[in-house]
Amino acid sequence: CHSLTFSPPLLQELNNSGLEGPLQWAPLAQLSQLQVLNLYNNSLSGSLGGPLPASLSFLSASLNLLNGTIPAGWTLPPSLTELWLALNSLSGNIPS
């Protein structure tokens, strides 16, 4: 089992890393300079809706075990230009 820890870089490429368990959103918001987060193809579970860093421009969480309804009030950073959530068990609309 791998644990998910973050360091200060602007880019975190964690795709195909064998990560599993609930995705903890609160620590992400504290990474004020994070611009790219790639979590593609892991076994991360839980729901969406937590805070994201204001600097984030790319987030891929596709092909995980995320589930539930995307909260209508989920606040996405204005800098976010790409959001990939395919191949999870999510429902609802992405907030604009």
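The rules behind these values
- Within each chain, residue numbers correspond to sequence positions counted from 1 in written order.
- Local features are withheld for residues below a pLDDT of 70 in this predicted model, meaning they are given only at 70 or higher, and side-chain atom pairs are given and counted only at 80 or more; totals for whole chains, interfaces and linings count all residues.
- Hydrogens are left out, water is left out, and the side-chain values use all remaining heavy atoms of the structure.
- Criterion used throughout: strands pair if DSSP finds at least two bridges between them.
- The secondary structure listing takes helices from DSSP runs of H or I that are at least 4 residues long and strands from runs of E that are at least 2 residues long, numbered from the N terminus.
- Comment: axis = line fitted to C-alpha atoms, over the contacting stretch for helices; angle = value between 0 and 180 degrees taken between N-to-C directions.
- Burial classes follow relative accessibility: with a 1.4 Å probe on protein chains only, a residue under 20% of its type's maximum area counts as buried, one over 50% as exposed, and anything between as partly exposed.
- Two aromatic rings from Phe, Tyr or Trp, using only the six-membered ring of Trp, form a pair when their centres are within 6.5 Å; if the ring planes differ by under 30 degrees the pair is stacked, by over 60 it is edge-to-face, and anything between is tilted.

### Notes on the sheet that holds strand S4 (residues 43-46)
Read across the sheet, four strands follow the order S2-S4-S6-S8 without closing on themselves; strand pairing throughout is parallel. In this open sheet, the two strands that pair with only one neighbour each are strand S2 (20-22) and strand S8 (89-91). Geometrically, the sheet is characterised by an average inter-axis angle of 20° between neighbouring strands, direction not taken into account. By the bridge criterion, three bridges tie S2 to S4 in an arrangement that is parallel. In the strand pairing of S4, Gly21 is matched with Leu44.

### A short note on the sheet that holds strand S7 (residues 82-84)
Read across the sheet, four strands follow the order S1-S3-S5-S7 without closing on themselves; strand pairing throughout is parallel. Looking along the sheet, the strands with just one partner apiece sit at the ends: strand S1 (11-13) and S7. Shown here is a sheet whose adjacent strand axes are inclined to one another by a mean of 10°, direction ignored. Note: S1 against strand S3 (residues 36-38), three bridges, orientation parallel. By the bridge assignment, Leu11 is partnered in S3 with Val36.

### A look at the environment of Leu28
Inspection of the secondary structure assignment puts Leu28 in helix H1 (residues 26-29). Overall, the relative accessible area of 0% leaves Leu28 in the buried class. For the pair Leu28 and Pro51, spaced 23 residues apart in sequence, the C-alpha separation works out to 7.2 Å.

### A closer look at the packing of aromatic side chains
Taken as a whole, this structure holds one aromatic pair when the rule is applied. Measuring from ring centre to ring centre gives 6.1 Å for Trp25 and Trp74, while their planes differ by 70°; the resulting arrangement is edge-to-face. Linking Trp25 in the loop between S2 and H1 with Trp74 in the loop between strand S6 (65-69) and S7, this pair joins segments that are 49 residues apart in sequence.

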